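# Architecture at a glance
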Amino acid sequence: MKRLGINIDHIATLRNARGEEHPNPVYAAKFVNQYGADSVTIHLREDRRHIKDLDAKQICAIKKLLVNLEISTNSKIVKKALQIKPNFICIVPENRKEITTEGGLNLNKNKNKIKKIIKRFKRKKIRTSLFINATLNDIKISNELKVDCIELHTGNLANLVKAKKNFSKELYRIKKCSILANKLGLEVHAGHGLDYKTTKILTAIKEIKEFNIGHFIIGESIFYSLSKVIKKFKKIIR
């Protein structure tokens, strides 16, 4: 059974626009869980542009809610994540000037640093994944680093699908990477830029076990309600 993880960062973005309490990300986490999300993803960025420390702490404390905390390799953020104790960690690249995550981790450049971070979370028995580009080399390095899961960056595929361009080569790359990762014992996740159509296309890859989707779900819910959008995605990945 494929799983749906919902990123609620942009609930916090909306709240922060007014500097007040509403809409509340903690309530949002409970809400999406109630309506079928298998897990909730939050990104504790270095600049705290959406999710704040207190949000992360309170969301991770919700009983019977699986929380996937996205973090950079920044030492202060890693320390904070160890204190918060989420169910899952996903290590992602982070650039202060980016609007959203622009690609996967540079594993060649940061291999030793990432390996040490993974060990720290494994000691706490926290499942750890790496957000990577869909390349066979990155899959092999992820395996060497002894991470539990990999999340493939699907932004390139999503952009091609939305632009109605030929996406067969990109889809094939993702499929090859998923097959290799699965053979190596790495659980495969997919995320970034996913909408109904791109998610439906990716469901054909049986090795992908989890889809993490945020911006599209929050944006679509403005028009069609959050509960209905979740229900539609659950039907797609079933």
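Described in the following lines is the structure provided in the data block. (Residues numbered from 1 in each chain as written. Predicted model: local features only at pLDDT ≥ 70, side-chain atom pairs only at ≥ 80, totals over all residues. Heavy atoms only, no water.)

## Topic: the pattern of salt bridges
Test applied: Whenever Lys or Arg places a side-chain nitrogen within 4 Å of a carboxyl oxygen from Asp or Glu, that contact is recorded as a salt bridge. The way it works is that DSSP assigns letters per residue, a run of H or I at least four long becomes a helix, a run of E at least two long becomes a strand, and they are numbered from the N terminus. Remark: exposure states derive from per-residue accessible area (1.4 Å probe, protein chains only) relative to the maximum for the residue type, with buried under 20%, exposed over 50%, and partly exposed in between.
One pass over the structure, following the stated rule, counts 12 salt bridges. Between Arg15 and Asp55 there is a salt bridge whose closest N-O contact spans 2.8 Å. Linking Arg15 in helix H1 (residues 9-18) with Asp55 in helix H3 (residues 53-60), this pair joins segments that are 40 residues apart in sequence. Glu207 is paired through a salt bridge with Lys206; the nearest N and O atoms lie 2.9 Å apart. Residue class for Glu207 comes out buried when judged on its relative accessible area of 8%. Look at Lys206 and you get exposed, because its relative accessible area is 60%. By sharing partners, the salt bridges in this structure join Arg3, Arg127, Glu187 and Glu210 into a single network.

## Quick look at the side chain of Thr154
To keep it simple, the criterion reads: Any pair of N or O atoms that falls within 3.5 Å is considered a polar contact. Within protein, one atom must be able to donate a hydrogen and the other to accept it, and sequence-neighbouring residues count only if both atoms are side-chain atoms. Throughout, a contact is declared for two residues whenever any of their heavy atoms are within 4.5 Å.
Within the secondary structure layout, Thr154 lies in the loop between strand S6 (149-153) and helix H7 (155-162). Only 2.7 Å separates the side chain of Thr154 from the backbone oxygen of His192, close enough to count as a polar contact. Those residues in contact with Thr154 that sit more than four places away from it in its chain are Ile174, Ala190, Gly191, His192, Leu194 and Leu202.

## Things to note about the packing of helix H2 (residues 25-34) against H3
To keep it simple, the criterion reads: Angles run from 0 to 180 degrees between N-to-C directions of axes, and those axes are lines fitted to C-alpha atoms, restricted for helices to the stretch in contact. Should the near helix be turned anticlockwise from the far one by less than a right angle, the crossing is termed left-handed; should it be turned clockwise, right-handed. Under this grouping Gly is polar, as are all residues other than the nonpolar Ala, Val, Leu, Ile, Met, Phe, Trp, Tyr, Cys and Pro and the charged Asp, Glu, Lys and Arg.
For the pair H2 and H3, interaxial distance at closest approach is 9 Å and the crossing angle is 30°. Crossing hand, H2 versus H3: right-handed. Between H2 and H3, the contacting residues are Pro25, Val26 and Ala29 on the first element and Asp55, Gln58 and Ile59 on the second. Grouping the constituent residues of the contact of H2 with H3 by class yields four nonpolar, one polar and one charged.

## Overview of a positive patch on the surface
The cut-off we apply is this: The patches reported here contain residues having more than 30% relative accessible area and no salt bridge. Joining distances are 9 Å for like charges and 5 Å for nonpolar side chains (Val, Leu, Ile, Met, Phe, Trp, Tyr). Here, Shrake-Rupley sampling with a 1.4 Å probe gives the accessible areas, and only protein chains in the shown set may cover a residue. His is not counted, nor are the chain ends, whereas Lys and Arg count as positive and Asp and Glu as negative. By convention, charge coordinates are those of NZ in Lys, CZ in Arg, CG in Asp, or CD in Glu.
Together, Lys79, Lys115, Lys116, Lys119, Arg120, Arg123 and Lys146 make up a positively charged patch on the protein surface. For the positive patch, the leading source of residues is helix H5 (residues 107-123), giving five residues. Along the chain, the position of Lys115 falls in helix H5.

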